[in-house]
Amino acid sequence: MDNNSALRDKIQSLKNKRKAVILAHNYQPGEIQDIADFVGDSLELSQQAAKTEADVIVFCGVHFMAETAFILSPQKTVLLPDTHAGCFMADMVTAEKLRVKKKELPGVPVVCYVNSSAEVKAESDICCTSSNAVKVVESLPQQEILFVPDQYLGQWVASQTGKKLHLWPGFCPTHARILPRHILELKQKYPQAKVVVHPECRPEVDALADAVISTGGMIRYAQQPQVRQMIVGTEMGIIHRLQKENPGKEFIPVCPQAVCVNMKLITLEKILWCMEDMRPSVSVPEEIRLRAQNAVERMLEVV
Ligand code: 13P
Ligand code: SF4
């Protein structure tokens, strides 16, 4: 019996004892995706968190994802196996700075990307994820919107909706590593391949893609029978699931350096320890949670 299989057995028995569900993001290391009850993108994970009947949610992802799970399910214990698993982009906007910007733009609604803190969500009118950002912005009657914190997702949404978006200067350092030349080189090498990229990529990268979609969107895109080869412009962790679910197909990462170090902080050992100790847990003060919940639930009504 290898070390991982002993760990997996212990996790499984503790999961039953605690009445826990393990949710994992598509960027998690393969061995974690393999033990999870559900693997998905940010929207799918928040929908799971909202409807699960488990007492404990073990969130294998980054802090804002666990926080969103708590915002939606405050009666549950939400465990994040490593508290250092943050999101560089989410840290690029604070509630204080957002309040200043809101004063400069009176009457302009705020749409916040889910990659943001609970405090920022509490200052926002509605939340969005990469899979529903266009729909969320279209659902608002206003033509002018303040969009935080991802400038590249914001630019993509503006191009799709024709609305005027005031962009916050945030970005994801992992996706910023993906450059047009990476895609152009691979297109030459694999002329039959479809190109999919995440909307956190630069607009010059989006312009070269067949589809600009969330990680969940990429999983569905790959299932189409006509897709045999796919050039994948996002974080490396998704390759595991794409390959596992489509064994006969070829998935070519655009940039093997596109790795989110925060996502990789989660390990099988840490999952076991957090279920043993029932910590670290994630929570949000009730006054902030209620206001953040409005923004997240408003989004869930749109999709
Ligand atoms: P998805 O919602 O598309 O999975 O994206 C989350 C994320 O953090 C991308 O960097
Ligand atoms: Fe945040 Fe980028 Fe990591 Fe996604 S890939 S969690 S946006 S740092």
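In short, a report on the structure. Everything numeric in this text was worked out from a predicted model, so none of it was measured.

1. With respect to the overall build of the protein
Item 1. Scanning the protein for helices and strands turns up 15 helices and 12 strands.
Item 2. Computed over C-alpha atoms, the radius of gyration of the protein comes to 19 Å, within 12% of the 19 Å expected from 2.2 N^0.38 for 303 residues, which places it in the range of a compact globule.
Item 3. By its C-alpha atoms, the protein is 55 × 55 × 30 Å across when sized along the principal axes.
Item 4. Counting all 303 residues of the protein, 57% fall into the buried class.
Item 5. In the protein, once contacts between residues fewer than 6 apart in sequence are set aside, the share between residues at least 24 apart is 61%.
Item 6. Of the accessible surface of the protein, which amounts to about 13000 Å², a share of 50% is contributed by carbon and sulfur atoms.
Item 7. The average position of the 34 basic charges and that of the 35 acidic charges among the side chains of the protein differ by 2 Å.

2. Brief notes about the environment of Tyr221
Item 1. Looking at the element boundaries, Tyr221 is found in helix α12 (residues 215-222).
Item 2. Residue classification places Tyr221 among the buried positions, given a relative accessible area of 16%.
Item 3. For the pair Tyr221 and Lys76, spaced 145 residues apart in sequence, the C-alpha to C-alpha distance is 33 Å.
Item 4. Filtering out sequence-adjacent residues up to four positions away, Tyr221 remains in contact with Lys194, Val196, Asp210, Ala211, Ile213, Val227 and Met230.

3. Digging into the packing of α12 against helix α13 (residues 238-245)
Item 1. It is the contact of α12 with α13, at a shortest axis distance of 10 Å, that shows an interaxial angle of 25°. What the angle tells us is that α12 and α13 run roughly parallel. The handedness of the crossing between α12 and α13 is right-handed. Judged by residue contacts, Thr215, Met218, Ile219 and Ala222 of α12 engage Ile238, Arg241, Leu242 and Glu245 from α13.
Item 2. Counted by class, the contact of α12 with α13 contains 5 nonpolar, 1 polar and 2 charged residues.

4. Observations regarding the pairing of strand β1 (residues 20-25)
Item 1. Among the 6 residues that make up β1, 6 are buried, leaving the element largely enclosed by the rest of the structure.
Item 2. Side-chain alternation along β1 places Ala20, Ile22 and Ala24 on one buried face and Val21, Leu23 and His25 on a second face that is also buried.
Item 3. Where β1 lies against strand β3 (residues 56-60), 5 bridges are found, and the strand directions are parallel. Bridge assignment links Ala24 to a residue of β3, and that residue is Cys60.
Item 4. Of the pairings in the sheet, the one linking β1 to strand β2 (residues 38-40) comprises 3 bridges and is parallel in character. What sits directly across from His25, in β2, is Gly40.
Item 5. Note on the crossover from β1 through helix α2 (residues 30-35) to β2: the handedness is right-handed.

5. Some points on the pattern of salt bridges
Item 1. In total, this model carries 12 salt bridges according to the counting rule given.
Item 2. In this structure, Arg99 engages Glu123 in a salt bridge whose closest nitrogen and oxygen atoms are separated by 2.9 Å. Here Arg99, found in helix α5 (residues 95-104), pairs with Glu123, found in the loop between α6 (118-122) and β6 (126-128); they are 24 residues apart in sequence, far enough to count as distant.
Item 3. Of the charged contacts, one joins Glu245 and Arg241 as a salt bridge, the two residues approaching to 2.7 Å between their closest N and O atoms. With Glu245 and Arg241 both in helix α13, this residue pair falls 4 residues apart, about one helical turn.
Item 4. Taking the relative accessible area as the measure of exposure, Glu245 reaches 37% and is therefore partly exposed.
Item 5. A single salt-bridge network, built from bridges that share partners, covers Arg99, Lys102, Glu123, Glu287 and Arg291.

6. Looking at the packing of helix α3 (residues 42-51) against helix α4 (residues 63-72)
Item 1. The interhelical angle for the contact between α3 and α4, taken along N-to-C directions, is 35°, at an axis separation of 8 Å. α3 and α4 meet at a crossing whose hand is right-handed. Two secondary-structure elements touch here, α3 through Ser42, Ser46, Ala49 and Ala50 and α4 through Phe64, Met65, Thr68, Ala69 and Leu72.
Item 2. Residue composition of the contact of α3 with α4, by class: 6 nonpolar, 3 polar and no charged.

7. Structural notes on the site of ligand 2
Item 1. Around ligand 2, the structure places Tyr27, Val62, Cys87, Phe88, Met89, Asn115, Cys172, Glu200 and Cys260.
Item 2. Judged by its atoms lying within 2 Å of the grid points, ligand 2 is housed in the largest cavity.
Item 3. A class-by-class count of the residues in the shell around ligand 2 yields 7 nonpolar, 1 polar and 1 charged.

8. Some remarks on the environment of Leu184
Item 1. With respect to the helices, strands and loops of the structure, Leu184 is situated in helix α10 (residues 180-189).
Item 2. Judged by relative accessible area, Leu184 falls into the partly exposed class, the value being 45%.
Item 3. Spatially, the C-alpha atoms of Leu184 and Leu208 are 8.0 Å apart, while their sequence positions differ by 24 residues.

Parameters and conventions
Residues take numbers from 1 onward in each chain, read along the sequence in its written order. Here the convention is simple: chains get letters from A, ligands get numbers from 1, in the order in which they are written. With the structure being a predicted model, the display of local features is reserved for residues of pLDDT at least 70 and the display and counting of side-chain atom pairs for 80 or more, all residues being used for whole-chain, interface and lining totals. For side-chain calculations, the full set of non-hydrogen atoms in the structure is used, while hydrogens and water are omitted. Only DSSP runs of H or I covering at least 4 residues are called helices, and only runs of E covering at least 2 are called strands; the numbering of each starts at the N terminus. In this setup the radius of gyration rests on C-alpha atoms only. A globule is expected at 2.2 Å times the number of residues raised to 0.38. Buried residues are those whose accessible area, probed at 1.4 Å on protein chains only, stays under 20% of the maximum for their type, while exposed residues exceed 50% and partly exposed ones sit between those limits. Any two residues having at least one pair of non-hydrogen atoms within 4.5 Å are treated as being in contact. Note on areas: these come from Shrake-Rupley sampling with a 1.4 Å probe, and a residue is covered only by the protein chains present in the view. Residues scored as positive are Lys and Arg, those scored as negative are Asp and Glu, and His as well as the terminal groups of each chain are ignored. Working definition for charges: the position is that of NZ of Lys, CZ of Arg, CG of Asp or CD of Glu. Inter-axis angles, ranging from 0 to 180 degrees, are taken between N-to-C directions of lines fitted to C-alpha atoms, where helices are fitted over the stretch in contact. Oblique is the label for every angle not falling under 35 degrees (roughly parallel), over 145 degrees (roughly antiparallel), or within 65 to 115 degrees (roughly perpendicular). Should the near helix be turned counterclockwise from the far one by less than a right angle, the crossing is left-handed, whereas a clockwise turn marks it as right-handed. Residue classes follow a fixed rule: Ala, Val, Leu, Ile, Met, Phe, Trp, Tyr, Cys and Pro count as nonpolar, while Asp, Glu, Lys and Arg count as charged, and any other residue, Gly among them, counts as polar. Each pair of strands is called paired provided DSSP finds at least two bridges between the two strands. By definition, the crossover connecting two strands over a helix is right-handed if that path, from the first strand to the second, turns clockwise as seen with the strands pointing away from the viewer. Any carboxyl oxygen of Asp or Glu that lies within 4 Å of a side-chain nitrogen of Lys or Arg is treated as forming a salt bridge with it. For each residue, the test is whether any non-hydrogen atom lies within 4 Å of the molecule or strand; if one does, the residue is near. Points on a 1 Å grid, built from protein atoms alone, make a cavity when a 1.4 Å probe fits but cannot get out and make a pocket when they are open with protein on both sides within 12 Å along at least 5 of 7 lines; residues with an atom within 4 Å of a point are the lining residues. Put plainly, a molecule is in a cavity or pocket when over half of its atoms are within 2 Å of the grid points there.

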